[in-house]
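Tertiary structure, described
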Amino acid sequence: MALSYPRKYFGGVTGTNSGTITNAHNTGDVSASEAEYVGGITGVNEKDAVLENAGNSGNVFGGSHVGGVAAVNKSSHDGGTIINSGTVTAETGGAAGIFYENEAALNNVELVNTGEVYGSSNSDGHGTGGVIGVNNGNITNSKLTNSGNVNGGNNTGGVNTGGVIGVNSGKISGSTLANTFEAQVSGGNNTGGLIGYNTSTGSVIGGRNEADTMYVHKIYNNGGVSAQQGTNVGGLIGNNEGKLTAGYNTGNVRGQQNVGGIAGTNNGSISEVFNTVMTGDAEATGSISGVDNVGGLVGHNEENGTLTDAYNTTAVNGSGIKGNAVGTNEGAVKNVYAWNTNGKLIGSASSSSTKENTYSFVSGDGSANFVIPALGRQPPISRKERRHE
């Protein structure tokens, strides 16, 4: 199906769904050049409409607001699986593997994207994500997985690119967010292995089993993250103004300024996280690299940023300010350590910043509260951190 009209709402099954679509799978390409709200199944899934167990394997192409399954989802979901394996491309705006924009509550759903996603968003309100471009709904007891490459327009000034979600303003709890080893994420400013931009109302909280012995809902990125000319680049979140609890990164991270193994910039709350970059042979030989404000955990921890119960085991490279845990700290850092044997734990700190129970293995490192030069001796860590491993 080929469409070339500057209009809105195009889909492989219907432009607008106000009824019921179940067990539908689109295999044909959907092409709507210069159009807005283009989806493999529907352009808009309206409030109270039903879209269950749907899938798309055709390529989806549009101007902006392009989703592999639906451009906009306004209807709550409780159960079901939605899958996209087609390539999703937006000419001038954001794109996503499943829903470009989600406005509703999602509970007990599985959203899986294996297709490549290409966006070219240059607006702060837009985003490109492997699963969801812009999320404004609450997500509970669900699993969102991306294993396709995501490119948010790194050569066109793209912003807000995430392996799973481009921009998140919703509350995500008791759920798994995963960007797999095969999925490489690239973009401009605000690029993250999971989320490009987590707003002040956004929260991502990993969950534990009923016995409280292990994390069963995991928040992790295993893929490489690259924004060579970008600011705010992170293994999990590019720019965090909300809350992140219990997550880890194992993918290489490359950026220019404010680059971190967990978050490029943090002006919110981050706790119970670790960064250990792994290469394809399962060796911990990767790195976090940038030019200025580069940190093993957080590149720039701003005035309202808190980082607690966290550690880094990965090399940090940068020609400007860099730290094995935090590049620049203007906020609060507590119960944090890094295994690195050279450099500083915190690259630079403002006079108003605070640190408590921070540990370095580098002799003479005055940026940490405590120095333990001998490798093989693990510093005291909190009960929360022990439970996370």
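Analysis parameters
Residues numbered from 1 in each chain as written. Predicted model: local features only at pLDDT ≥ 70, side-chain atom pairs only at ≥ 80, totals over all residues. Heavy atoms only, no water. Pairing = 2+ DSSP bridges. Helix = DSSP H or I, 4+ residues; strand = E, 2+ residues; numbered from the N terminus. Core = buried A, V, L, I, M, F, W, Y, C linked by side-chain atoms within 4.5 Å. Buried < 20%, exposed > 50% of the residue type's maximum accessible area, 1.4 Å probe, protein only. Contact = heavy atoms within 4.5 Å. Salt bridge = Lys/Arg side-chain N within 4 Å of Asp/Glu carboxyl O. Polar contact = N/O pair within 3.5 Å; in protein donor to acceptor, adjacent residues only side chain to side chain. Axes fitted to C-alpha atoms, helices over the stretch in contact; angles between N-to-C directions. Phe/Tyr/Trp six-rings, centres within 6.5 Å; stacked < 30°, edge-to-face > 60°.

This part covers the pairing of strand E30 (residues 189-192). Bridge count for strand E25 (residues 159-162) against E30 is 3 bridges, and the pairing is parallel. Note on E30: the bridge partner recorded for Thr 161 is Thr 191. Where E30 meets strand E37 (residues 231-234), 2 bridges bridge the pair, whose relative direction is parallel. Residue Gly 192 lies in a different strand from E37, and its bridge partner there is Gly 234.

For the rest of this paragraph, the subject is the nonpolar core. In terms of nonpolar packing, the biggest core is built from 44 residues, with Leu 111, Leu 177, Leu 244 and Leu 307 touching the most fellow members. Sorting the residues of this core by element identifies strand E43 (269-275), strand E47 (306-312) and strand E51 (332-338) as the ones contributing at least two each. At 3 residues, E51 tops the list of elements feeding residues into this core. The contact partners of Leu 111, leaving out residues within four places of it in the chain, are Ile 82, Ile 98, Phe 99, Leu 106, Val 131, Ile 132, Lys 143, Leu 144 and Thr 145. Phe 10, Ala 90, Val 117 and Val 150 belong to the second-largest nonpolar core, a separate cluster that totals 12 residues.

Moving on to the pattern of salt bridges. Overall, the coordinates contain 2 salt bridges when judged by the stated rule. With its nearest N and O atoms 3.9 Å apart, the salt bridge here joins Glu 36 to Lys 8. Here Glu 36, found in strand E6 (residues 30-39), pairs with Lys 8, found in strand E2 (residues 8-11); they are 28 residues apart in sequence, far enough to count as distant. What makes Lys 8 partly exposed here is its relative accessible area of 45%.

Along the chain, Glu 330 falls in the loop between strand E50 (326-329) and E51. A relative accessible area of 29% means that Glu 330 is categorised as partly exposed. Between the C-alpha atom of Glu 330 and that of Gly 127, which follows or precedes it by 203 residues, the distance is 28 Å. At a separation of 3.2 Å, a polar atom in the side chain of Glu 330 contacts the side chain of His 300.

In this structure, Gly 235 sits in the loop between E37 and strand E38 (237-240). In this structure Gly 235 comes out as buried when scored by relative accessible area, which is 0%. A sequence separation of 44 residues divides Gly 235 from Thr 191, and the C-alpha atoms of the two residues are 8.6 Å apart. Setting aside anything within four residues of it in sequence, one finds Gly 235 in contact with Gly 192, Gly 193, Leu 194, Asn 221, Val 225, Asn 249, Val 253, Gly 260, Gly 261 and Ile 262.

Once that is clear, we can look at the side chain of Thr 42. Within the element layout of this structure, Thr 42 appears in strand E7 (residues 42-45). Under the relative-accessibility criterion, Thr 42 is labelled buried at 0%. Engagement of the side chain of Thr 42 in a polar contact is seen with the backbone oxygen of Gly 15, the distance being 3.4 Å. Sequence-distant contacts of Thr 42, that is, excluding residues within four places in its chain, are made with Phe 10, Gly 11, Thr 14, Gly 15, Thr 16, Asn 17, Val 69, Ala 70 and Ala 71.

Spatial strand order, E3-E7-E11-E16-E21-E26-E31-E38-E42-E46-E50-E52: 12 strands in an open sheet with parallel pairing. Edge positions in the sheet fall to strand E3 (14-17) and strand E52 (346-349), since each of these pairs with one other strand and no more. Direction aside, neighbouring strands of the sheet carry axes that sit 5° apart on average. Sheet analysis places strand E46 (residues 298-301) next to E50, joined by 3 bridges and oriented parallel. Bridging from a neighbouring strand, Val 298 pairs with Val 326 of E50.

Right, let's talk about the packing of aromatic side chains for a bit. Tallied over the entire structure, the rule returns 8 aromatic pairs. Between Tyr 311 and Tyr 337 the ring centres are 5.3 Å apart and the planes differ by 10°, which places this aromatic pair in the stacked class. Residue Tyr 311 is located in strand E47, and its partner Tyr 337 is located in strand E51; the two are separated by 26 residues in the primary sequence. Both residues of the pair, Tyr 311 and Tyr 337, count as buried. Relative to Phe 370, the ring of Tyr 359 lies with its centre 5.1 Å away and its plane at 25°, an arrangement referred to as stacked. In this pair, Tyr 359 is assigned in strand E53 (residues 354-360) and Phe 370 in strand E54 (residues 370-371), connecting sequence segments 11 residues apart.

Attention now moves to the side chain of Asn 168. Within the fold, Asn 168 resides in strand E26 (residues 165-168). In terms of polar contacts, Asn 168 uses its side chain to reach the side chain of Asn 135, at 2.8 Å.

Distances and angles like these do not, on their own, reveal function.
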